[in-house]
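# Descriptive analysis of the structure
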Amino acid sequence: MADLSSKDVEKAEFAFSIYDADGSNNIDAADLGNLLRALGTNPTNATIEKLGGTKKRGEKTLSLAEFLPIYSQVKKDKEQGCYEDFVECLKLYDKQENGKMLGAELSHVLLSLGERLDDKECEAVIRDCMDKEDEDGFIPYTPFVKKLMS
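Residues numbered from 1 in each chain as written. Predicted model: local features only at pLDDT ≥ 70, side-chain atom pairs only at ≥ 80, totals over all residues. Heavy atoms only, no water.

## Structural notes on the overall build of the protein chain
Of regular secondary structure, the protein chain possesses 8 helices and 4 strands. In sequence order, the secondary structure elements of the protein chain are arranged as α-β-α-α-β-α-α-β-α-α-β-α. Split into buried and exposed, the 150 residues of the protein chain put 36% on the buried side. Nonlocal contacts in the protein chain, meaning residues at least 24 apart in sequence, comprise 62% of its contacts between residues at least 6 apart. Counting only carbon and sulfur atoms, one obtains 51% of the accessible surface of the protein chain, whose full area is about 9600 Å². Charged side chains in the protein chain number 20 positive and 30 negative. The centres of these two groups are separated by 1 Å. (Helix = DSSP H or I, 4+ residues; strand = E, 2+ residues; numbered from the N terminus. Buried < 20%, exposed > 50% of the residue type's maximum accessible area, 1.4 Å probe, protein only. Contact = heavy atoms within 4.5 Å. Areas by Shrake-Rupley, 256 points an atom, 1.4 Å probe, with all protein chains shown as cover. Lys, Arg positive; Asp, Glu negative; His and termini not counted. Charge placed at Lys NZ, Arg CZ, Asp CG, Glu CD.)

## Regarding the environment of G53
Secondary-structure assignment places G53 in the loop between α3 (45-50) and β2 (61-63). According to the relative accessible area criterion, G53 is buried, its value standing at 8%. C-alpha separation for the pair G53 and S107, spaced 54 residues apart in sequence, amounts to 27 Å. Apart from the residues lying within four places of it in its own chain, the contact partners of G53 are A29, L32 and I48.

## Focus on the domain arrangement of the protein chain
By domain assignment, the protein chain separates into domain 1 (6-76) and domain 2 (83-149). Computed from C-alpha coordinates alone, the two centres of domain 1 and domain 2 are separated by 28 Å. (Domains from an automatic or database assignment.)

## So, helix α6 (residues 103-112)
Turning to α6, its buried residues are G103, E105, L106, S107, V109 and L110. Where α6 is buried, its residues contact α5 (83-91), β3 (100-102), α7 (119-129), β4 (138-140) and α8 (141-149). Just beyond α6, the residue with positive phi is G114, at close to 60 degrees.

## Points about a negative patch on the surface
Residues D118, D119, E121 and E123 make up a contiguous surface patch of negative charge. Considering the arrangement of structural elements, one finds E121 in helix α7. On the basis of relative accessibility, which here comes to 39%, the residue E121 falls in the partly exposed class. (Patch = residues over 30% accessible without salt bridge, like charges linked within 9 Å, V, L, I, M, F, W, Y side chains within 5 Å. Salt bridge = Lys/Arg side-chain N within 4 Å of Asp/Glu carboxyl O.)

Written out as structure tokens, the structure reads:
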């Protein structure tokens, strides 16, 4: 891959081997998004589908040779959000400009904006990433974004 450094290729090969559950040198296309995210990218679900990812297991497999150009393309994609982008978006809900927003507003954002989560996914994200609300219902949003992106 001319676009990927040797270090990127090495990282991709290692991560690919982890998702190659049966040792066939192929991954299930349903794992494409997880693999790309494990390599530090943040592709949207629509991007993953466009690049050959599937929602159901067993529909399609990808070899390392097929995966590397996908990884290269996703690394170059400018439409991915980064930590700073997400924090800037949540600052819109920080009415007191103190680094906090209402936990209920965060739930609303997750359920209604961008690539919407369903109720179950939203509950899992909040349970795993959100700090406890203070007595007024506010949460610090920067730790939430850090946990979400890790």
